[in-house]
Protein chains: 2
Amino acid sequence: MPSGSGPLAGLLVADFSRVLAGPFATMMLADLGARVVKVERPDGGDDSRTYGPFVDGRSLYFARVNRGKESVALDLKDPADLAVARSLATRADVLVENYRPGVMARLGLGWAGLQPLAPELVYCSISGFGHTGPWRERPAYDAVVQGMSGIMGVTGSPDGPPVKPGVPVADLSAGLYAFGAITSALLGGKGTHLDIAMYDATVSLLEGAALSWLATGQDPGRIGNAHFAIAPFDTFSCADRDITVCAANDVLFGVLVTALGVPRLAARYPTNAVRHEARAELKAELEAVLRTQTAGHWLDVLSAVGVPSGPISDVAEAVGSEQARVRNMVVTAGGLPVPGNPVKASAYEDPAVRPAAPELDEHGAGVRAEFS
Amino acid sequence: MPSGSGPLAGLLVADFSRVLAGPFATMMLADLGARVVKVERPDGGDDSRTYGPFVDGRSLYFARVNRGKESVALDLKDPADLAVARSLATRADVLVENYRPGVMARLGLGWAGLQPLAPELVYCSISGFGHTGPWRERPAYDAVVQGMSGIMGVTGSPDGPPVKPGVPVADLSAGLYAFGAITSALLGGKGTHLDIAMYDATVSLLEGAALSWLATGQDPGRIGNAHFAIAPFDTFSCADRDITVCAANDVLFGVLVTALGVPRLAARYPTNAVRHEARAELKAELEAVLRTQTAGHWLDVLSAVGVPSGPISDVAEAVGSEQARVRNMVVTAGGLPVPGNPVKASAYEDPAVRPAAPELDEHGAGVRAEFS
């Protein structure tokens, strides 16, 4: 979305964040119309400029999350550069940073120091573990937080090792919470310090697994592709490949077993509580039928009667789908192909061509002149 | 946060959503001070009231995502009840629904019909695949979308099957995008129809895996616990158990190999590009050292020099940690233990005791009187 055309047009964001969680949050703000000025260190800038994959020598990683932002290179240990940074920070509506707790304050850019000068500033810190608690100083990247949050502990089969979800869910969930927290704080109209922890964000995703532990004190362990509260809600083997099938209430379960030609199972497993308790046995009953035909056959049958089900796709099938194309989920930024924005709002455009991520210090002269 | 005390105090949300993605979004709004009126069907209400785990006969699943909301039971096929629903919808600031596309319109509650009566209404639809595209009518639950989004295709080991992340990431990411989209739209001040798809949300999380496919046209497959762009950034075996270690730039890599007593590796693997290309060989080199001592030993060593690293925790260790306690990441809602809110804002309270989720139609009389 071109700057100025989204719901956040007119907003100025001072972005001191690097790599992923912070830049992902400010990408959402920029996509929705905010002006985002990204402050980078002069010697190479954001680390993610060196992360692949590369197209024509340009990092797609950097291009994706920094599209539509301005870049200024500032040495925050140099007084003149620091003055520019402080001017930018105090004139901004929003500041985002993801240094370890204490670093911004040591640079003269902490919340407590800026707040008297910019009483309405929404100052969003994103860190691994937050600004309070015994782990606050602990350095963190996505995989460290995934490991400590329990999300790896609940991913994988019961008889296998913990598995890391193949996407950076700690960074991205923290970025998404930050996005909503920043816009909520702006609506509230009070200056505030938002303290978003990747750890909190990831723990909050545990859902059924966390509830199971809170209810019983027993660790839920790993249950493969099954669901902690609902059955059948899992992957199932057909003659050729696996599919997902989700019958999350009694009506859908009745439709499912009728479509599979085993309506007697509706009476044997009448409620979700019964089905979930007996889910291994139920899975075997259902697979005994499903294995007699191909995945394609059963997906047609289940689709015709409205039972939620689907194939298990690879990235090429998923990102390359007609659905993703129609939904504008692959766009270009400066000519490079990158994922689109899931926020589709009828009152605003969702352009397929977006502005490029900046070269290091591309907007340096203008930003220095404006914030001096 | 008691209704009225957060940044969204004064906001009225008409909530026609069920189960998870929609209720998770409106939970965020309620936690931050909005008044959320949940419309449920009279015969049993939200399906998730029947989902475990249960404490004293009450569903923790329901209690967690519906805390602090009001409930009114309305039969939307009854003209008098529909009139209440329409009055609520047109007087609300925000409407959230997660029916399949077309269902709300058939009930007389579609965006196009309400918009002339409520020109500033932010109307947020959350669905499996969105309101456009060939899959728009396809029924979906979390696991179906996870399977089709590619996220299972990139989770697990290269020689094993696709694995579903053990948390409902399709529902929750859609809920988080909806949260930020709604608050952004409110800032924009224009009535708008937000069309949030669980599919779009989950595809947008693929990050490195999607970028790899976009850059090369080759499906990235599964790479276990490694990272698509950075190395070393993985799990590693010590003498007793695995740990995560992330050295995402050259400086950290130098510190890491010095701490492990193999500084010669810094010259052999000087850049991230070299390290990522040779990540299997590099992992073997690092594990040859790590396997000589326990995880506890190495975490102490790496912590002392600031290399991001950590244990792989189960849910009990993660949710029961001192860090989670200090961060208020377990709260009570109506006396039941549920996960807290990751949005920590200095200008507002983050209470450890939150209002209960409602009984079905608990607020029915008041809501009917108010919106008649």
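Residues numbered from 1 in each chain as written. Chains lettered and ligands numbered in written order. Predicted model: local features only at pLDDT ≥ 70, side-chain atom pairs only at ≥ 80, totals over all residues.

### Points about the overall build of chain A
In terms of regular secondary structure, chain A is built from 17 helices and 14 strands. Summarising the internal contacts of chain A: among those between residues at least 6 apart in sequence, 67% fall at separations of at least 24. (Helix = DSSP H or I, 4+ residues; strand = E, 2+ residues; numbered from the N terminus. Contact = placed C-beta atoms within 7 Å.)

### Some thoughts on the pairing of strand E2 (residues 35-40) of chain A
Residue and element names in this part refer to chain A. Along E2, five of the six residues are buried, which leaves the element largely enclosed by surrounding structure. Inspection of the sheet shows strand E1 (residues 12-16) paired to E2 by four bridges, in the parallel sense. Bridge pairing in E2 places Ala14 opposite Val37. Bridge analysis of E2 against strand E5 (residues 70-73) gives four bridges, and the strand direction is parallel. (Buried ≥ 20, exposed ≤ 12 C-beta atoms within 10 Å, placed from the backbone. Pairing = 2+ DSSP bridges.)

### Section: the sheet that holds strand E11 (residues 309-311) of chain B
The strand order across the open sheet formed by three strands is E9-E10-E11 (chain B), and the pairing between neighbours is antiparallel. Bordering the open sheet on either side are strand E9 (233-237) and E11 of chain B, each of which pairs with just one other strand. Pairwise comparison of adjacent strand axes, ignoring direction, gives a mean angle of 25° for this sheet. Where strand E10 (residues 242-246) of chain B meets E11(B), three bridges bridge the pair, whose relative direction is antiparallel. Its bridge partner being in E11(B), B:Val245 is matched across the sheet by B:Ser309. Sitting on the sheet, helix H6 (residues 142-149) of chain A is in contact with E9, E10 and E11 of chain B, with an inclination near 15° to E11(B). (Axes fitted to C-alpha atoms, helices over the stretch in contact; angles between N-to-C directions.)

### A look at the domain arrangement of chain A
We note that the domain assignment places domain 1 (12-205 + 325-370) and domain 2 (233-237 + 242-311) within chain A. Between the C-alpha centres of domain 1 of chain A and domain 2 of chain A there is a distance of 42 Å. (Domains from an automatic or database assignment.)

### So, the packing of helix H7 (residues 169-188) of chain A against helix H7 (residues 169-188) of chain B
One way to put it is that H7(A) packs onto H7(B) with a least axis distance of 8 Å and a crossing angle of 25°. The angle between H7(A) and H7(B) falls in the class roughly parallel. Considering only the axes of H7(A) and H7(B), their crossing is left-handed. Two secondary-structure elements touch here, H7(A) through A:Val169, A:Ser173, A:Leu176, A:Tyr177, A:Phe179, A:Gly180, A:Thr183, A:Ser184, A:Leu186 and A:Leu187 and H7(B) through B:Val169, B:Ser173, B:Leu176, B:Tyr177, B:Phe179, B:Gly180, B:Thr183, B:Ser184, B:Leu186 and B:Leu187. The residue makeup of the contact of H7(A) with H7(B), split by class, is 12 nonpolar, eight polar and no charged. (Parallel < 35°, antiparallel > 145°, perpendicular 65-115°, else oblique. Left-handed = near helix turned anticlockwise from the far one by under 90°. Nonpolar A, V, L, I, M, F, W, Y, C, P; charged D, E, K, R; others polar.)

### Some details on the interface of chain A and chain B
Contacts between the two partners involve 123 residues from chain A and, on the opposite side, 124 residues from chain B. Sorting elements by how many residues they give to the side of chain A that touches chain B places H7(A) first, with 14 residues. Here the residues of the side of chain A that touches chain B sort into 74 nonpolar, 35 polar and 14 charged.

### What about the relation of the copies chain A and chain B?
Between chain A and chain B, the superposition needs a rotation of 180° and an axial shift of 0.0 Å, giving an RMSD of 0.0 Å. Both copies are brought into coincidence by an operation consistent with a two-fold rotation axis. It is A:Gly180 whose C-alpha, among those of chain A, lies nearest the rotation axis, at 1.9 Å. Here 100% of the contact residues of chain A are again contact residues in chain B; the copies associate through an equivalent surface. (Least-squares fit on C-alpha atoms with pLDDT ≥ 70 in both.)

### Considering the pairing of strand E8 (residues 192-197) of chain A
For a regular strand, side-chain orientation follows a simple rule: the groups alternate between the two sheet faces. Residue and element names in this part refer to chain A. Counting buried residues in E8 gives six out of six residues, a clear majority hidden from the surface. Residues Thr192, Leu194 and Ile196 of E8 are buried on one face, and the alternating residues His193, Asp195 and Ala197, pointing to the opposite face, are buried as well. Bridge count between strand E7 (residues 122-127) and E8: six bridges; the pairing is parallel. Along E8, the bridge assignment pairs Ser127 with Ala197.

### Observations regarding the packing of helix H6 (residues 142-149) of chain B against H7(B)
What describes two packed helices is the angle between their axes and the distance between those same axes. All names here are of chain B. Here H6 crosses H7 at 90°, and the two axes come no closer than 7 Å. On the basis of their axis angle, the class for H6 and H7 is roughly perpendicular. Contacts between H6 and H7 pair Asp142, Val145, Gln146 and Ser149 from the former with Val169, Ala170 and Asp171 from the latter. Residues belonging to the contact of H6 with H7 are distributed by class as follows: three nonpolar, two polar and two charged.

### Regarding the environment of B:Lys344
All names here are of chain B. With respect to the element layout, Lys344 can be found in the loop between strand E13 (336-339) and strand E14 (353-354). When the 24 C-beta atoms within 10 Å are taken as the criterion, Lys344 is described as buried. On a C-alpha basis, the gap between Lys344 and Asn328 in space is 9.4 Å, while along the polypeptide they are 16 residues apart.

### A closer look at the sheet that holds strand E1 (residues 12-16) of chain B
Residue and element names in this part refer to chain B. Ordered by their spatial adjacency, six strands build an open sheet running E5-E2-E1-E6-E7-E8, and the pairing between neighbours is parallel. Strands at the two margins of the open sheet, each flanked by one partner only, are strand E5 (70-73) and strand E8 (192-197). Across the sheet, the axes of successive neighbouring strands diverge by a mean angle of 20°, strand direction being ignored. Across four bridges, the pairing between E1 and strand E6 (residues 94-97) is parallel. Across the sheet, the residue bridging to Asp15 is Val96, located in E6. Contacts between helix H1 (residues 21-31) and the sheet are confined to E1, strand E2 (35-40), E6 and strand E7 (122-127), with E6 contributing the most and set at about 150° to the helix.

### A short note on the nonpolar core
One finds A:Cys124 and B:Cys124 to be the most contacted residues of the largest nonpolar core, which totals 255 residues. Ignoring anything within four residues of it in the chain, the contact list for B:Cys124 reads B:Val94, B:Leu95, B:Val96, B:Ala178, B:Ala181, B:Ile182, B:Leu194 and B:Ile196. (Core = buried A, V, L, I, M, F, W, Y, C linked by C-beta atoms within 7 Å.)

### Section: helix H14 (residues 295-305) of chain A
Residue and element names in this part refer to chain A. Residues of H14 that are buried: Ala295, Trp298 and Leu302. Seen end-on, H14 carries its buried residues on one side only, within an arc spanning 70°. Looking at H14, the residues exposed on the side facing more than 90 degrees away from the buried face are Asp300 and Ala304. Contact partners of the buried residues in H14: strand E10 (242-246), helix H10 (250-259), helix H13 (279-290) and strand E11 (309-311). Within two residues after H14, Gly306 carries a phi angle of roughly 80°, on the positive side. (Arc of directions from axis to C-beta.)

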